[in-house]
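Each chain, letter by letter, is given below.
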Amino acid sequence: MKKSILIITLGLIWVLGFAPFNLWVFPLFSLAGFFYLISKELQDNLIVKPKRRAFFQGWLYGIGMFAGGVHWIYISIAEFGKGGPIAGVFVAIIFISFLALYPAIFAILYAILGKNIQNKIAAILIFSTLWILIEWLRGWLFTGFPWLLLGNAFVDVPISSFVPVFGVYAVGFAAIFIACGLVYVIQERNKSLSSKGVLLAIITIIATSFALKKIEWTENSGYPLKVAVVQGNIKQDIKWKPEFRQYTLDKYYDLTKDLFGKVDVVVWPETAIPDFLHYVDEYMLNLQEEANAANTSIVTGVPVYDHKNKRYFNAMIAIDKQGVSYYAKRHLVIFGEYLPFRSVFGESLDFLGAAMADFTSGNLRQQPLKTKKHNAAVSICFEIVFGDEIARELGEADYMINISNDAWFEGSIAPYQHLQIARMRSLETGRPLVRSTNTGISATVDHKGNILVDSPQFAEYILTGTIQPRKGKTPYVRWGNIPVISLMVLLLMIGVFINRRGIKQNG
């Protein structure tokens, strides 16, 4: 019982490494402690059913991680999805319990591959590579949920310099290897040759990260852009009510009209227009006329209905003198934006968020939006968490725009986590980012992932700043996750080989 509580606690403190806490040392403590506990049991080989026990311990660790990190799902269901407290608690428990299966699968695989493990170098390699491979699996399986990835906790730490080369998973691996390696070095007080080797590897990782930090992977592209983000702070419980539609449209226009001619680009949040595009034709034409006259581009989120094919899109459009360009969200949130097997479930699960309409995914290949002779790679809300997709669709874009409506998670840590993840995308691509949200946190981010300016939450706010567009491809944009995942598989095989060789020699 005590060990179970300890494991859950280790999972809980994992969350302290992420925004808004930003105490990156805690995930290292968390993983190091978890590594020590389950490795010791495998090494002692005293457990009658090690696979079952490992699975249960991994699941408890995951319960701690995700209960601490994604409990905000309750808010979107209970308060804004109209499911009420009972449905909110039920969905949160199911969601957290499901996500906890990933650490459980990790633990059982570690028990299988690390059976009778005696060589601690093998243990470190198997543990660290398996963790990253399971994180990667979580990032795409069942449409993917790459939230609370270990590497995101280190966006402000020197080892983040690995990100433009190998992406967020490489930083996660470096962090795990350092954490587990230090556990081994501390345990090996006799200063064995192998412990010195591990210490040397840790020093090499840290030294390499400092060297990489000096490299500029991309270069300036054209003139800086003066940008403005309009944060309307429209409450979620009134956002889609017809009687508040004109109020919302008037508010965004009033907040924007004095920006015309003073900035290059104005960005409104996801679904800032609270109705389908064809219902606000006159409003948009007037907006376009004023914006073009002032030579200011406007980017906004707006739902779009395709009359011909009878499809709905969560979309964004850019109004610019070059014309109007359009983007339809590709990576939709299951249950939140569409309901699979609608013919089976009917409207029974609409409280999860998909009551307005089941959106259709946009085309996988879409052109960047045109703004003031610059190309913007765009994403809507949750799409920003998928690093490989953002890199793959970057194309000739020289900066990025992400729009979101984090009012669904009002008062929670989710908006802070969301911004932290978005910053990692700037690091991976070497591109600045403009992020516009309905209730905060809106921000501009430079190509190194640093926040330039940001907005307060739950406030009507106009955020202004300057970004420098960039050109060129980082190694990560060129190769994606292929190199780091290939390396993880190779190091895992080496770890398994070392372990089995040791078993044979001792046998």
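Look up a bit, the structure's there.
All values derive from a computational prediction rather than experimental measurement. (Residues numbered from 1 in each chain as written. Predicted model: local features only at pLDDT ≥ 70, side-chain atom pairs only at ≥ 80, totals over all residues. Heavy atoms only, no water.)

### Concerning the pattern of salt bridges
Evaluation of the coordinates by the stated rule reveals 10 salt bridges. Here aspartate 254 makes a salt bridge to lysine 257, at a shortest N to O gap of 3.9 Å. Here aspartate 254 falls in the partly exposed class, since its relative accessible area comes to 42%. (Salt bridge = Lys/Arg side-chain N within 4 Å of Asp/Glu carboxyl O. Buried < 20%, exposed > 50% of the residue type's maximum accessible area, 1.4 Å probe, protein only.)

### Here's the deal with helix H7 (residues 120-138)
Over its 19 residues, H7 extends 27 Å from the first C-alpha to the last, a length consistent with the 27 Å expected when each residue adds 1.5 Å. Within H7, 15 of the 19 residues are buried, leaving the element largely enclosed by the surrounding structure. Sitting at the amino-terminal end of H7 is asparagine 119, which places a side-chain oxygen 2.9 Å from the backbone nitrogen of isoleucine 121. (Helix = DSSP H or I, 4+ residues; strand = E, 2+ residues; numbered from the N terminus. Expected span 1.5 Å × (residues − 1). Polar contact = N/O pair within 3.5 Å; in protein donor to acceptor, adjacent residues only side chain to side chain.)

### Focus on the environment of phenylalanine 359
Mapped onto the elements, phenylalanine 359 comes out in the loop between helix H13 (342-345) and strand E7 (369-371). Its relative accessible area of 13% is what places phenylalanine 359 among the buried residues. For the pair phenylalanine 359 and tyrosine 416, spaced 57 residues apart in sequence, the C-alpha separation works out to 26 Å. Sequence-distant contacts of phenylalanine 359, defined by excluding residues within four places in its chain, comprise Pro303, Tyr312, Phe313, Asn314, Leu332, Glu337 and Tyr338. (Contact = heavy atoms within 4.5 Å.)

### Some words on the pairing of strand E10 (residues 433-437)
For E10, a buried count of five out of five residues is recorded, marking the element as mostly surrounded by other parts of the structure. In E10, alternate side chains face the same way, and those of Leu433, Arg435 and Thr437 on one face and Val434 and Ser436 on the other are all buried. Inspection of the sheet shows strand E9 (residues 399-404) paired to E10 by five bridges, in the parallel sense. Looking at the pairing, asparagine 402 lines up with arginine 435 of E10. Read as a crossover between parallel neighbours, the route from E9 over helix H15 (residues 414-429) to E10 is right-handed. (Pairing = 2+ DSSP bridges. Right-handed = clockwise from strand over helix to strand, strands pointing away.)

### Remarks on the packing of aromatic side chains
Under the definition given, this model contains 29 aromatic pairs. Relative to phenylalanine 18, the ring of tryptophan 14 lies with its centre 6.0 Å away and its plane at 35°, an arrangement referred to as tilted. By relative accessible area, which is 0% here, tryptophan 14 ends up buried. On the accessibility criterion, phenylalanine 18 (2% relative accessible area) is buried. (Phe/Tyr/Trp six-rings, centres within 6.5 Å; stacked < 30°, edge-to-face > 60°.)

### Quick look at a nonpolar patch on the surface
A surface patch of nonpolar side chains, about 430 Å² in accessible area, is lined by Phe55, Phe98, Leu101, Ile105 and Phe142. With respect to the secondary-structure elements, phenylalanine 55 resides in helix H3 (residues 50-69). Under the relative-accessibility criterion, phenylalanine 55 is labelled partly exposed at 32%. (Patch = residues over 30% accessible without salt bridge, like charges linked within 9 Å, V, L, I, M, F, W, Y side chains within 5 Å. Areas by Shrake-Rupley, 256 points an atom, 1.4 Å probe, with all protein chains shown as cover.)

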